[in-house]
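Chains, contacts and geometry: an overview
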Amino acid sequence: DAKTTQPTSMDCAEGRAANLPCNHSTISGNEYVYWYRQIHSQGPQYIIHGLKNNETNEMASLIITEDRKSSTLILPHATLRDTAVYYCIVRVRNNNDMRFGAGTRLTVKP
Amino acid sequence: NAGVTQTPKFQVLKTGQSMTLQCAQDMNHNSMYWYRQDPGMGLRLIYYSASEGTTDKGEVPNGYNVSRLNKREFSLRLESAAPSQTSVYFCASSEYGRGSYNSPLHFGNGTRLTVT
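Now for a look at the structure at hand. (Residues numbered from 1 in each chain as written. Chains lettered and ligands numbered in written order. Predicted model: local features only at pLDDT ≥ 70, side-chain atom pairs only at ≥ 80, totals over all residues. Heavy atoms only, no water.)

Comments concerning the nonpolar core
Ranked by internal contacts, the top residues of the largest apolar core, which has 21 residues, are Trp35(A), Leu73(A), Tyr86(A) and Leu106(A). For this core, the secondary-structure elements that each account for two or more residues are strand S2 (18-23), strand S3 (33-38), strand S4 (45-50), strand S6 (61-64), strand S7 (70-75), strand S8 (84-90) and strand S9 (104-109) of chain A. Per-element accounting of this core gives the leading share, four residues, to S8(A). Within the second largest apolar cluster, 19 residues are counted, among which are Leu21(B), Tyr64(B), Tyr89(B) and Cys91(B). (Core = buried A, V, L, I, M, F, W, Y, C linked by side-chain atoms within 4.5 Å. Buried < 20%, exposed > 50% of the residue type's maximum accessible area, 1.4 Å probe, protein only. Helix = DSSP H or I, 4+ residues; strand = E, 2+ residues; numbered from the N terminus.)

Describing the state of the cysteines
The tally for this structure, following the rule as stated, stands at two disulfides over all chains. Across the disulfide from Cys22(A) sits Cys88(A); the S-S distance is 2.1 Å. Disulfide Cys22(A)-Cys88(A): the torsion about the S-S bond is -80°, which places it as left-handed. Of this pair, Cys22(A) sits in strand S2 while Cys88(A) sits in strand S8, and the two are 66 residues apart along the sequence. Residue Cys88(A) is classed as buried on the basis of its relative accessible area, which comes to 1%. Here Cys23(B) pairs with Cys91(B) through a disulfide, and the sulfurs are 1.8 Å apart. (Disulfide = S-S within 2.5 Å.)

Some remarks on the layout of surface pockets
If a probe the size of a water molecule is rolled over the atoms, the empty space left behind becomes visible. Estimates place the volume of the largest pocket at around 400 Å³. Forming the boundary of the largest pocket are 23 residues, of which Val85(A), Arg105(A), Gln37(B), Gly40(B) and Met41(B) lie nearest the centre. Split into classes, the residues belonging to the lining of the largest pocket amount to ten nonpolar, ten polar and three charged. (1 Å grid on protein atoms, 1.4 Å probe; cavity = no way out; pocket = protein on both sides within 12 Å on 5 of 7 lines; lining within 4 Å. Points joined across faces, edges and corners; volume = space filled by probe spheres on them. Nonpolar A, V, L, I, M, F, W, Y, C, P; charged D, E, K, R; others polar.)

Notes on the sheet that holds strand S7 (residues 65-68) of chain B
Residues and elements named next belong to chain B. Spatial strand order, S1-S3-S8-S7: four strands in an open sheet with antiparallel pairing. At either margin of the open sheet sits one strand with a lone partner, and together these are strand S1 (4-7) and S7. Averaged over all pairs of adjacent strands, the angle between their axes in this sheet comes to 15°, without regard to strand direction. (Pairing = 2+ DSSP bridges. Axes fitted to C-alpha atoms, helices over the stretch in contact; angles between N-to-C directions.)

A closer look at the environment of Pro21(A)
Residues and elements named next belong to chain A. Note on placement: Pro21 falls in strand S2. Under the relative-accessibility criterion, Pro21 is labelled partly exposed at 34%. Between the C-alpha atom of Pro21 and that of Ile74, which follows or precedes it by 53 residues, the distance is 8.9 Å. In this view, Pro21 contacts Thr5, Gln6, Pro7, Met10, Trp35, Ser71 and Thr72; residues no more than four positions away in its chain are not counted. (Contact = heavy atoms within 4.5 Å.)

A closer look at unusual backbone geometry
At the junction of Thr7(B) and Pro8(B), the peptide bond is cis and its omega measures out at -5° in the coordinates. Positionally, Pro8(B) belongs in the loop between S1 and strand S2 (10-13). The phi dihedral of Arg68(A) is positive, around 65°, even though this residue is not glycine. Locating Arg68(A) in the fold gives a position in the loop between S6 and S7. You will see that Asn28(B), though not glycine, has its phi angle at about 60°, which is positive. When you line up the elements, Asn28(B) lands in the loop between strand S3 (19-25) and strand S4 (31-37).

The values are spatial; any link to function lies outside them.
Now the structure itself:
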């Protein structure tokens, strides 16, 4: 199973881009990278996912390195409401579960 | 558009009592999941159901049973609650079944369970 490594915490200034890194050096060729976030004690919220190419949606951008061993989630203009725990997950091969690690606690400061 | 609905929102049990946590989704998803989250930690998978009629163990299945009642509903049962099962329980669903890697999970807002 591909595991992920994320920094425990990060700060970002309001209005600036937040760049959250994730290492997944043992990822397999057909495993996707997913990002979720959890605001306070709510249920996790899906943000974005990708396989090889960079992806962008209304919430964020996902940059995956060419060797797929790491990725970066970019929140282009962070707001105070983006303060949350962000989880980077690699979908487990031949299985339909999705396992979360400890995530990165992002604090957006005014 | 309810999404994933969990009941109850809060529950307090005494050690040894039993209860069932209910989860229903209205998105016609094939797969459903139960996670638990302890303070300051990430989510841990208890059980999942890739499709109606199937269930599989996750990381921490001991002390729990599940039932995939139909496509919409997936329940989690604690037969004899223990203080170690004090946690927040999240149910989730996703569109595709076993072997698909391209379907995000949609989560409910959790059931906060305290076992005294």
